[in-house]
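The residues making up each chain are set out below.
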Amino acid sequence: MSQFDRSVREDVEGADGAGEAAGNGGVATPRTEERIPPADVFSVLGNDTRVDILQALLELGADEEPVSFTDLFERVDIEDSANFNYHLRKLTGHFVKQTEDGYAFRYPGRKVVSSIFTGTLTERAQLGFFPVTGSCYDCDGSLHGWYVDDTLTVGCTECGTIQVSYPFPSGGLDDRTTDDLMQAFHHYVRHHYCLAADGVCPECTGSVDTSLVRDPDRDDLDVAVRHVCSRCGYQLQSTVGVTLLDDAHVLVFHSERGVDLNTEPFWHFDWCVSDRHTEVVSEDPLEVELTLECGGDELRVLVDDDVTVTDTAVVEHLSN
């Protein structure tokens, strides 16, 4: 997952035109009000008092309503109000906004607080092997999970095949049983892939380009989906199946047969974690068909090279 220049075009027509689209269906041209160099961001945050101010804002409920200067000053362990005000001003503008009623988070400030106080930036955690529901798509063996290097992995206890491996913030391990952890992991990963499939970057909300790729980097796949953010360079690669978890036809097909794809862990379905049910039906342009089985019936889904569902068909009562 790479990061590149995130430049934003300035609106040369003046403030009144900022953020407006150029006619119906035009491209918005946001005006850049402030840009802090990355090194300066770390410099601003590299101070205990400023971190304490951000934590105090969180504890005083700055997400809900502004916090007064007096309440904020009393919460932070500092005696000199002038010194406190100096550090508060350093945060105000980019990380904190000042209103008539007091101080509240701006999005970057809230993002910093989330990263620091949930342990994303400050903790390293490990979790040894634990049983996971489901079975291996390759040998039907039992599954176990483990957490190391900020990544949660599910693999087979018998043949070692990895079902899924994905970065997951360590804060997600707190106060959860392993069953609750895996349910949270399911929602987290599913949400990321569905966002990317909808053209929204899970990292920066920039535009995502999605395409089918033949013979991808993963040795176990013949065809895969690649998502690349044009703004920050964030990349995801997955099976074709996992991008269909939010497709209406797929959701309805399973729902009518008693399966809720919103809550059922996606690694329970081999069409999500492998491409054994994915058939290439055209090379140029690249087009694939997935066969999804549920309740004795099949849903056949045709997907084009832009990863758009172009056709579906239900084949019923295969067991008869």
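For the structure, check the block above.
Residues numbered from 1 in each chain as written. Predicted model: local features only at pLDDT ≥ 70, side-chain atom pairs only at ≥ 80, totals over all residues. Heavy atoms only, no water.

(A) Representation of empty space enclosed by the protein within the structure. In the structure shown here, the tally under the stated rule is 1 cavity of 30 Å³ or more. Roughly 30 Å³ of volume is contained in the largest cavity. Considering the residues around the largest cavity, the lining is formed by A196, C201, P202, V208, H227, V228, C229, Y234, Q235 and L236. Elements with a contribution of two residues or more to the lining of the largest cavity: β8 (223-229) and β9 (235-238). In terms of residues, the lining of the largest cavity owes the most to one element, β8, which gives 3 residues. When the residues that make up the lining of the largest cavity are grouped by side-chain class, the tally is 8 nonpolar, 2 polar and no charged. (1 Å grid on protein atoms, 1.4 Å probe; cavity = no way out; pocket = protein on both sides within 12 Å on 5 of 7 lines; lining within 4 Å. Points joined across faces, edges and corners; volume = space filled by probe spheres on them. Helix = DSSP H or I, 4+ residues; strand = E, 2+ residues; numbered from the N terminus. Nonpolar A, V, L, I, M, F, W, Y, C, P; charged D, E, K, R; others polar.)

(B) Inspection of the sheet that holds strand β3 (residues 127-135) at higher detail. On the basis of which strands lie adjacent, the open sheet formed by 4 strands has the order β3-β4-β5-β6 and antiparallel pairing. The open sheet has two free edges, formed respectively by β3 and β6 (162-167), since each of these has just one partner strand. Neighbour-to-neighbour, the strand axes of the sheet open up by a mean angle of 20°, direction not taken into account. Direction of pairing for strand β5 (residues 151-156) relative to β6: antiparallel, over a ladder of 5 bridges. Bridge pairing links V154 to V164 in β6. Strands in contact with helix α6 (residues 178-197) are β3, β5 and β6; relative to β6, the strand with the most contacts, it is inclined by about 75°. (Pairing = 2+ DSSP bridges. Axes fitted to C-alpha atoms, helices over the stretch in contact; angles between N-to-C directions. Contact = heavy atoms within 4.5 Å.)

(C) How the structure looks around the sheet that holds β8. Taken together, 3 strands build an open sheet; the order of strands is β7-β8-β9 and the sheet is antiparallel. Edge strands, defined here as strands with exactly one partner in the open sheet, are β7 (208-214) and β9. Here the average twist between neighbouring strands, direction ignored, is 20°. Two elements, β8 and β9, share 4 bridges in a ladder whose sense is antiparallel. Following the sheet pairing, V228 is matched in β9 by Q235. The strands that α6 touches are β7, β8 and β9; relative to β9, the one it contacts most, it runs at about 105°.

(D) Representation of the nonpolar core within the structure. The biggest cluster of nonpolar side chains holds 54 residues, and the ones touching the most others in it are F185, F266 and W267. It is α6 that provides the largest number of residues to this core, a total of 8 residues. Among all residues touching F185, those that are not within four sequence positions of it are L152, V164, Y166, F168 and W267. Ranked by size, the runner-up nonpolar core spans 20 residues in total, among them A56, V76, F84 and F95. (Core = buried A, V, L, I, M, F, W, Y, C linked by side-chain atoms within 4.5 Å. Buried < 20%, exposed > 50% of the residue type's maximum accessible area, 1.4 Å probe, protein only.)

(E) Here's a closer look at the packing of aromatic side chains. Under the counting rule described, the total for this entry stands at 11 aromatic pairs. Measuring from ring centre to ring centre gives 5.3 Å for F129 and W146, while their planes differ by 75°; the resulting arrangement is edge-to-face. Separated by 17 residues along the polypeptide, F129 in strand β3 and W146 in strand β4 (residues 142-148) bring together distant segments of the chain. Using a relative accessible area of 61% as the deciding quantity, one classes F129 as exposed. Aromatic rings pair up to connect Y166, F168, F185, Y188, Y193, F266 and W267 into one cluster. One residue, R110, lies across the ring of F105, its end atom 5.8 Å from the ring centre. (Phe/Tyr/Trp six-rings, centres within 6.5 Å; stacked < 30°, edge-to-face > 60°. Lys NZ or Arg CZ within 6 Å of the ring centre and 35° of its normal.)

(F) A look at helix α2 (residues 48-59). Between its first and last C-alpha, α2 extends 16 Å over 12 residues, near the 16 Å set by a 1.5 Å rise per residue. With a side-chain oxygen lying 2.9 Å from the backbone nitrogen of T49, the N-terminal cap of α2 falls on N47. G61 lies just past α2 and shows a positive phi near 80°. (Expected span 1.5 Å × (residues − 1). Polar contact = N/O pair within 3.5 Å; in protein donor to acceptor, adjacent residues only side chain to side chain.)

(G) Examining the environment of R231 more closely. Its location among the elements puts R231 in the loop between β8 and β9. You can call R231 partly exposed: its relative accessible area is 33%. Residues R231 and E203, 28 residues apart in the sequence, show an inter-C-alpha distance of 10.0 Å.

(H) Spatial organisation of the pairing of β5. Burial within β5 is extensive, with 6 of its 6 residues counted as buried. Of the two faces of β5, the one holding T151, T153 and G155 and the one holding L152, V154 and C156 are both buried throughout. Note that β4 and β5 share 6 bridges and pair antiparallel. Pairing of L143 across the sheet is with C156, part of β5. Between β4 and the antiparallel strand that follows it, β5, lie 2 residues; D149 among them carries a positive phi value of about 50°.

(I) Molecular detail of the pairing of β4. In this sheet, β4 lies alongside β3 in antiparallel orientation, the contact comprising 5 bridges. Note that in β4 the partner of V132 across the bridge is L143.

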